[in-house]
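Read off the chains here:
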Amino acid sequence: MALSLSPAARRQITNGLTAFSLGTLCFIRRWYDLENLLPRGLDYFRAAPGDLTLLISTVVSALLLAAVIYGAWYCVERRGSRRLRTFAHICFILALLYPIESVRRYWNTLTDHFDYGSNISLWVVEAILATGIVMLLFGNRRILNPARHVALLLLLLFPALMIDFVMNRLGAEQPEVYADRPSAPPLPQRATGAPRVIWMIFDELDEHLAFDKRPAYLELPELDRLRGESVFGTQAEETSTFTAIALPSLIAGRVFSNAQALDADTLELIPRGQSQEVDWRNEPSVFSRARAIGVNSALSGWHHPYCRVLGDQLVDCFAVPSTHSSSGLAEEALASQTGVWATVGWLYHWQLMSIRNILLHHDPGTENLRDIETQRGQQKQYFEIRDHAYQYAADPRVGLLLIHFPTPHLFPIYNRRERNFHITGSLDYFDNVALVDRTVGELRHALEQAGLADRTALLLTADHGLRPGAWIGRIGWTKELDRLTGRRPPSVVPFILKLPGQQEPIEVQTPFSNVVAGDLALAVLNGQVSTAGQAAVWLNAHGNHDTEVQAASAAPRSGE
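Residues numbered from 1 in each chain as written. Predicted model: local features only at pLDDT ≥ 70, side-chain atom pairs only at ≥ 80, totals over all residues. Heavy atoms only, no water.

### Considering the pairing of strand 9 (residues 456–461)
Stated precisely, the cut-off is as follows: Each residue's exposure class comes from its accessible area (1.4 Å probe, protein chains only) as a fraction of the maximum for that residue type: buried when under 20%, exposed when over 50%, partly exposed otherwise. The helix count covers DSSP runs of H or I at least four residues long, the strand count covers runs of E at least two residues long, and both are numbered beginning at the N terminus. Strand pairing is assigned whenever DSSP detects at least two bridges linking the two strands.
Summarising burial for strand 9: six of the six residues are buried, a large majority. Side chains Thr456, Leu458 and Leu460 project from strand 9 onto one buried face, and the interleaved Ala457, Leu459 and Thr461 project onto a second face that is buried too. Direction of pairing for strand 1 (residues 196–202) relative to strand 9: parallel, over a ladder of six bridges. Residue tryptophan 199 lies in a different strand from strand 9, and its bridge partner there is leucine 459. For strand 9 and strand 10 (residues 492–498), the ladder comprises four bridges, and the chain directions are antiparallel. The residue of strand 10 that forms the bridge with leucine 458 is lysine 498.

Written out as structure tokens, the structure reads:
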């Protein structure tokens, strides 16, 4: 016998499906974020397999909103007031306008230019819906009815999304893929007094802003002290404006022009001037070369999964991923930490803030809520990297230590005025530069406490300078930075080498590529460079070597 439903029952089913469709549409920006988390290459920037908490929370949020919409319409139907119905219909149209405007603003954030075609198309749809609101005020439902049909048809997208997410989950990499490689067995300790090198890479430390154009109010006593007793270059060229390319270039000692993350532990790189990709894991590195001369290496770093890729070349390793690599990674990480219901509350807060931004015409590229969570996570990561770095620095077995700090990379995680980590108030890039200064001082103190300062060389540089295009309008960007940078990224980074016992500065003005840092560290370790004069001669001899950095204009296909 065929199933027969009364007209009233069919109407309620239609109302329920329409409410569910509208509920899912209102979270369309969150669906975009979830879609962006599907590529396998993002596993490279995760510490563990992708978590389902964010997906579950988004579905729950959509269901809760759908239930509210359905209940509200049910009450409207029972009351039967014509004015109330008209008000409800207007709310329905407004609810459709929100996801369309959200999508338009989202598309504008994906490109560095204004796409007139997509914007005009969505503005036309918004204009039609706005016209429908005016017509409803005069009792005309000519646009309302098609809008309801379209909303109902869009429900068909939901099963496709769920199939996409489930299939991706079924094909996800297993947890063991995310395990660190076994550490290399420690080599016999070198002779007493053998040189050590601590190589500090401060992410996005800008030569001009830290030294040449430093504001008068910014005091950096430790950096000034270090530079005042070191060999330093004023024309050290960065290898790339992207961390995903710059760090492999520095560690391998050759410039790469592009990078593509394929899975949890595979980063394919294209050497400059070539077209054939190479696997970073199989490339010679400063660590493998140090081990060949009997030096134990350690690393504490950020952004790359160093321990998964290079861990078997190191006696000690600690690394944390960066959530800057994709807009959804910060949300995924937060959701996995806080659970479903806390994430649901956070998603609704996000929705309200998005509506406020639309009504107040805020810059669509500014997503302060996500930035705030990323900022908090980055501060926590700094503490972890710092603590491991100080521990490795005080270990006499370690002859070469590379530390990749996530500062002064925005967002601000330090308060220079209070000299603490209270990230409240008006903070900017210079607060993080002050943290660099504090970190250098603390590291030197740790070496002195361990009795290793007199045989440890300090090499300080950066992967790239401050990139205005990445930060304009976001947390930590100021009018002063706008003026000082001219909104143009630099190509010069700090390069400072403090040799044991050195007291006087030597400035090297010859341009050279930052990529020589690893070779210089090895020259110090094997005794080829033991005095400041030798270091200056060495840098001058490497001048104009690989200074034409093509990587600066080649965006990485995955990662920052």
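### Focus: the packing of aromatic side chains
How two aromatic rings sit relative to each other is given by the distance of their centres and the angle of their planes. Put simply, the rule reads: Side-chain rings of Phe, Tyr and Trp (the six-membered ring for Trp) are treated as a pair once their centres are within 6.5 Å; stacked means planes under 30 degrees apart, edge-to-face means over 60, and tilted covers the remaining angles. By definition here, charges over rings are those cases where NZ of Lys or CZ of Arg is within 6 Å of the ring centre and within 35 degrees of the ring normal.
A complete count under the given rule lists 18 aromatic pairs for this structure. Ring geometry for tryptophan 31 versus phenylalanine 165: centroids 6.3 Å apart, planes at 20 degrees, classification stacked. Of the two residues, tryptophan 31 is situated in helix 2 (residues 28–36) and phenylalanine 165 in helix 7 (residues 157–170); the sequence distance between them amounts to 134 residues. Across the pair, exposure class does not vary: tryptophan 31 and phenylalanine 165 are buried alike. What links up through ring pairs into an aromatic cluster is the set Phe202, Tyr382, Phe383, Phe405, Tyr414 and Phe421. Residue placement shows arginine 227 over the ring face of phenylalanine 211; its charged tip is 4.1 Å from the ring centre.

### Some words on the layout of surface pockets
The cut-off we apply is this: Buried and open spaces are told apart on a 1 Å grid over the protein atoms alone, a cavity being a set of points where a 1.4 Å probe fits but cannot get out and a pocket being an open set with protein on both sides within 12 Å along at least five of seven lines. Residues with an atom within 4 Å of a point are the lining residues. Grid points are joined across faces, edges and corners, and a volume is the space filled by probe spheres set on the points.
Each pocket or cavity is described by its volume, and for the second largest pocket that value is around 860 Å³. Every element with two or more residues in the lining of the second largest pocket is listed here: helix 1 (7–25), helix 3 (53–79), helix 4 (82–110), helix 6 (144–153) and helix 14 (340–359). Per-element accounting of the lining of the second largest pocket gives the leading share, 11 residues, to helix 4.

### Regarding the pattern of salt bridges
This is how it is decided: Here a salt bridge means any side-chain nitrogen of Lys or Arg lying within 4 Å of a carboxyl oxygen belonging to Asp or Glu.
The full count for this structure, using the stated rule, is 30 salt bridges. Between arginine 40 and aspartate 43 there is a salt bridge, and its shortest N-O distance comes to 3.7 Å. With a relative accessible area of 37%, arginine 40 lands in the partly exposed category. For arginine 225, the salt bridge goes to glutamate 448, with nearest N and O atoms at 3.8 Å. Placement of the pair is arginine 225 in helix 9 (residues 221–227) and glutamate 448 in helix 16 (residues 429–449), with a sequence separation of 223 residues.

### Digging into unusual backbone geometry
Residue threonine 407 is joined to proline 408 through a cis peptide bond whose omega torsion reads 15 degrees. Here proline 408 lies in the loop between strand 8 (400–405) and helix 16. Positive phi, normally seen in glycine, also occurs at glutamate 204, with a value near 70 degrees. Positive phi is not limited to glycine here, since histidine 303 has a value of about 85 degrees. Mapped onto the secondary structure, histidine 303 falls in strand 6 (residues 297–303).

Worth remembering: the numbers are spatial, not functional.
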